[in-house]
Amino acid sequence: MPAKKKQPAAKKRPASAAARRAPSKKPARANKKVATARTPAARAKAAPPSTRFSSSTAAPPATTFQEVILRLQRFWANKGCLIVQPTRTEVGAGTLNKHTFLRVLGPEPWSVAYVEPSSRPADGRYGENPNRLQHYYQFQVILKPSPKDIQEQYLDSLRELGIDPVAFDVRFVEDDWEHPALGAAGLGWEVWAQGMEVTQFTYFQQCGGLDLPRVSVELTYGLERLAMYLQNVENVYDLVWAQLPSGQKISYGDVHKQDELEWSHYNFKHADTGTLFAQFNQFEAEAKRLLDVAEPGALVLPAYEHALKCSHAFNVLQARGVVSQTERAGYIGRVRDLARGCAERYLASRAARGFPMLTGADRALFVEGSHA
Amino acid sequence: MPELLFEIGCEELPAGFIDPALAFLEGAIDQALTAARLPHGRVLAEGTPRRLVVIVDDVAARQADLEEELQGPPASVAWSEGADGTRTLTAAGEGFLKKNSLVAGDLYEVAGKKGTVIAAKRREAGRPAADVLPALLEGVLPKIPCKKTMSWGDGRASHKQVFARPVQWLLALFGGRALAVRFADVTSGHTTRGHRYHAPAEVSVTSVSQYRAALERGQVVLDRAERKQMIRDLADRLAKQAGGGLLPDEPLLEIVKNLVEKPFPVLGRFEERFLEMPKELLVSEMREHQKYFAVVDGAGQLRPAFVVVAGSDSPQKDALAAGNARVLRARFEDGAFYFRTDRERPLAAGAPRLKDMVFQRELGTLAEKTERIQALATHQGMRIGLPQPVLVGVFRTAALCKCDLVTGVVNEFPELQGIMGRTYARHDGEPEVVAVGIEEHYAPRHAGASLPTGIEGAIVGIADRLDTIVGILGIGKAPTGSADPFALRRAAIGCAQIIIAQRFRFSLEDAVTFAVSAYRTQKKLDKVDPVALIRSTVEFLRGRVRGVLVERAAAQGLTGAEDIVDAAMAARGGVDDLPDVDARVTALARLRADQGAAFVSLAATFKRVGNILAQARQKGLAPAAVDPARLVDDAERALYDALTGVEARGAPTGVDLAELRARGAADLARLRPSVDRFFDKVLVMADDPALRDARLGLLARLEDQLVEVADFTKVQLEA
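The rules behind these values
Residues numbered from 1 in each chain as written. Chains lettered and ligands numbered in written order. Predicted model: local features only at pLDDT ≥ 70, side-chain atom pairs only at ≥ 80, totals over all residues. Heavy atoms only, no water. Helix = DSSP H or I, 4+ residues; strand = E, 2+ residues; numbered from the N terminus. Rg over C-alpha atoms; globule rule 2.2 N^0.38 Å. Buried < 20%, exposed > 50% of the residue type's maximum accessible area, 1.4 Å probe, protein only. Contact = heavy atoms within 4.5 Å. Areas by Shrake-Rupley, 256 points an atom, 1.4 Å probe, with all protein chains shown as cover. Buried area = accessible area lost by both parts, 1.4 Å probe. Salt bridge = Lys/Arg side-chain N within 4 Å of Asp/Glu carboxyl O. Polar contact = N/O pair within 3.5 Å; in protein donor to acceptor, adjacent residues only side chain to side chain. Phe/Tyr/Trp six-rings, centres within 6.5 Å; stacked < 30°, edge-to-face > 60°. Lys NZ or Arg CZ within 6 Å of the ring centre and 35° of its normal. Pairing = 2+ DSSP bridges. Domains from an automatic or database assignment. Nonpolar A, V, L, I, M, F, W, Y, C, P; charged D, E, K, R; others polar.

*Asks:* Can you break down the overall build of chain B residue by residue, with the values?
*Replies:* A tally of regular secondary structure across chain B gives 25 helices and 20 strands. Against the globule reference of 27 Å for 719 residues, chain B gives a C-alpha radius of gyration of 35 Å, more extended than a compact globule. If you line up chain B on its principal axes, its C-alpha atoms span 105 × 100 × 50 Å. Expressed as a percentage of its 719 residues, the buried residues of chain B come to 54%. Of the contacts made within chain B by residues no fewer than 6 positions apart, 69% connect residues no fewer than 24 positions apart. When the accessible surface of chain B is totalled, it reaches about 31200 Å², and 52% of it is carbon and sulfur.

Below, the structure written as structure tokens:
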């Protein structure tokens, strides 16, 4: 099931004149120091008029879809994130990727960034709706433990894309996030730019029903929306995915329109519900069996992947409209039980290995009495 | 005297957290200072999404000295006397010394509550306030009320501290000097920061006035009322440009003022074509997701414009307006899509899908609830004698009242339940009374909101609420303390308000009985003793009715009618017939307002009647029927005549309930002189048993008239 709220309709904005005029391509990292070292008056003098009040300036806008991804990857790599790749199983959101769901558990530090192709079968619109997709991309960042200056880091990442927080009234608006099927909950914000939600910003408090001893921060950027914003287009399929050296432009529609049409037909009309119900049961049974394997101990990662397959089968069944409101809670409960089982066994498996990624001082803080 | 300034700088706090947190801080800091013997001036707490601030004027520089007497165990326990008469301290006595760091020479004896105890004076010189304040503030902070708390970084492991959002900085100044206050992973200093974007640099301050100036320069408006006023003024000015004014929306204003450190309202516009959608839907789209203010013309009609309150001073206002308008347009398009598809099928077609929606696990689906509402509403309609055509409308309203819960729009905006039902019912050509009834069965939607105007909504609304109350009480989930997850109290209050306002004369107990039987017909609540459930439901309703009656009296200028309400509720009819109870409350309260002191003596006189009869009954003297031939005194004959006069008049016909009860009260008032004279001249407990019984009988006849109106023993006699 979807990890987050339904993907709200994507919107765009006119390209920023101020951003285009902005002088620096690399404003981000030094910002804070510059800001604290100078008086507002000094900055007002130094900065171009349109950004007189802002604490820093934005880069020129990222003009292609892939440029958005590349800049975010580069930005977060420079902040110390591993750049990893999407999971091979269908997921409703980057949160379900094991790089998030399992790694936020326990005390081991973990910072990672990746693009996640996210499947929301019920959101398909046959390629006709300019804002809704059954398959879209999230850019997911996990930082554990959450850094003290994470809000500033995040704002710098927007500046890196060409979004000036002042010009676009970037705001942090309360949004407490809960995902019952994952036993996950967090507090944070939806980040607005010109009234549009561009990112979910969450401090994870609980996952798989377990309290988290170290808090991860999760940043989930809606890539299509950000790109539509930056390219000033009304229709997701009109996004420029890339401009080739030859000058040819490849659009989002070139890459994905056929997918949207075919998968919408599949999800809404052709998916075989008997098969899907059977698959749900089989995947569930397999996941349970794997969690109970005694030698060499629970096979948590394969079990978790089967739990994800269960979740996706359920999402397609939902799209087919064959799960009644009353049955729905039952299915969600079954997925939740699997997710919790995986979380518990994963944590135990890391503990059994002595939390290998935990370093000296942290080890003393989190694993008292252990042999560091 | 020095001033105290304390600021908690945070990552953006939830809007709803800020006001209660500040209210708490104001009270808690005030109390803590007093408890710490630090006399002080005004405590002010203000804040924005990024800071909670406490400013205290004129705090004493030192604590007052303390001298208090500590009392210990009884002297007999604290001392033991040796054979030679020397006294030594026992273990208990030593313990008292040790606990309070005393020496034996400090001790003396004093008379305690339970005899002589040992005691000592504890003197503590006042410490400088600057030494006391850090711990004092640290003690208050963890108690700030927080619905949901969070940890951040390694907080849970390293400093065991949680808060609404991560703390970024602390500023603590006392008399211009920085204090070291620790909270979460931060230690306070002497710097603050301005607006996140406009003035992010740290600024050092040494006084409250400097601090205020720094905030002003830093594009922060600390005062919440001031932000609110700025939003109202600036937004209204913008709305005028769009040919209207702001749609008044106080709750939205309360939220938005806490979303920004300084408001920068911007006017946006949307296409006229969206105005075809229901106003409520458009307003919900604007306010719920986007926190935009709607703009209306003089007639209350929406203008195609909105006001967004930005949090920073964008140099590109037009682009900002256009960007927000684009977001809104996408939302409107979504709403329009649902509104269009919802109307492709009639509202009634939603009924079968209610079978899929659970009302409450043990109480079944909304389809089953609908069946019960239909039965109960029809039953009540017949009880009050509604004509057949109206009953048909009630039945139809009940059948459709929950159908909009399965529509796309209500799924998206639950607060539009009923409103969309009305809209769709009209679209389907349902009778207007049914359409209005569907909307109004939710009225009153909150405390102080308007009541149903039509019979259909009123009857169905009562049935819906009674069904919920009976059901939830039946599964043992009565509200406790402040926990009322099913809002049963509000439901009961709503029921009482509607019944009284509509002057529905039916027996509450009969209605509850029917509601219970409606569950039992569906094989629900069949393990519960129905008689006990009926009793506890009536009792629960009764508990809420009192407040409703007091409030209604107060609304007519008859304040302080609590005792009269109690008296009226204890009358013969109890609280079964609510409009009648209400009419009696009004009649008596008005009589009291008109008669002043005379009413007090009237109540005293009637109270005396009740007391004499109660005493007689205690002695086993049941008053016999009065035999007028036995009455000998002029005074008692006069009372007998006056009373029979009132009795003979009976209930006038053709007057409304209020008039009826007003006349009844006036009749009683007219009886009073006769009763007073009776008590002056006649000894009720006469030696002659026959005479005594006749007199008791006379009083019993009088009481019979009185308890029809009220139990006068409950009326307060002090003015």
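*Asks:* Which residues make up the overall build of chain A, and what values do they have?
*Replies:* A tally of helices and strands in chain A yields 12 helices and 11 strands. Out of the 372 residues in chain A, the part that is buried amounts to 58%. Counted over contacts in chain A with a minimum sequence separation of 6, partners at least 24 positions apart contribute 70%.

*Asks:* So what's going on with the interface of chain A and chain B? Residues and values would help.
*Replies:* Contact with chain A, which involves 58 residues of that partner, is made by 56 residues of chain B. When chain A packs against chain B, the two sides together hide about 4700 Å² of surface, and 51% of this comes from carbon and sulfur. The partner of A:Asp176 in a salt bridge is B:Arg165, with the nearest N and O atoms 3.2 Å apart. Taken together, chain A and chain B are joined by 24 residue pairs in polar contact (both at pLDDT 80 or more). If you list the elements that add at least two residues to the side of chain A that touches chain B, you get α1 (17-21), α2 (31-37), α6 (150-161), β4 (171-174), β6 (184-193), β7 (196-207), α11 (325-352) and α12 (360-366) of chain A.

*Asks:* Any chance you could break down the environment of A:Leu70 for me, citing the residues and the numbers?
*Replies:* By the secondary structure assignment, A:Leu70 is in helix α4 (residues 65-78). Between the alpha carbons of A:Leu70 and A:Leu161 there is a distance of 9.9 Å; along the sequence they are 91 residues apart.

*Asks:* Quick one: what's the story with the packing of aromatic side chains, residue by residue and with numbers?
*Replies:* Taken as a whole and assessed by the stated rule, the structure comprises 33 aromatic pairs over all chains. Measuring from ring centre to ring centre gives 5.8 Å for A:Phe172 and A:Phe201, while their planes differ by 85°; the resulting arrangement is edge-to-face. In this pair, A:Phe172 sits in strand β4 while A:Phe201 sits in strand β7, placing the two residues 29 residues apart along the sequence. Across this residue pair, the class does not change: A:Phe172 and A:Phe201 are buried. Through pairs of rings, three or more aromatic residues link up here, namely A:Phe139, A:Tyr154, A:Phe172, A:Trp189, A:Phe201, A:Tyr203 and A:Tyr221. Above the ring of B:Phe339, the side-chain terminus of B:Arg343 is found at 3.7 Å from the ring centroid.

*Asks:* Report on the sheet that holds strand β3 (residues 51-56) of chain B, specifying residues and quantitative values.
*Replies:* Residues and elements named next belong to chain B. Strand order in the open sheet made by the 5 strands is β2-β3-β1-β9-β10, with antiparallel pairing throughout. Either end of the sheet is taken by a strand with one partner, and the two such strands are β2 (43-48) and β10 (177-178). When strand β1 (residues 4-10) meets β3, the two strands line up antiparallel, connected through 6 bridges. Note that in β3 the partner of Glu7 across the bridge is Val53.

*Asks:* Report on the domain arrangement of chain A, specifying residues and quantitative values.
*Replies:* Residue and element names in this part refer to chain A. Each assigned domain of chain A is listed with its residue range as follows: domain 1 (17-255) and domain 2 (257-352). If you look at the interface, domain 1 gives 34 residues, while domain 2 gives 31 residues. Where domain 1 abuts domain 2, roughly 2800 Å² becomes buried across the two surfaces, and 62% of that area is made up of carbon and sulfur atoms. It is Leu102, Pro121 and Tyr126 that lose the most area in domain 1 upon contact with domain 2, and together they represent 25% of the buried surface on that side. For the pair domain 1 and domain 2, the number of links is 2 salt bridges. For Arg350, the salt bridge identified is with Glu108, shortest N-O distance 2.8 Å. Along the contact surface separating domain 1 from domain 2 lie 9 residue pairs in polar contact (both at pLDDT 80 or more). Of all the secondary structure elements, the ones that give two or more residues to the side of domain 1 that touches domain 2 are α5 (98-101) and α8 (252-270). In terms of residue count, the dominant contributor to the side of domain 1 that touches domain 2 is α8 (3 residues). Here the side of domain 1 that touches domain 2 is composed, by residue class, of 17 nonpolar, 11 polar and 6 charged.

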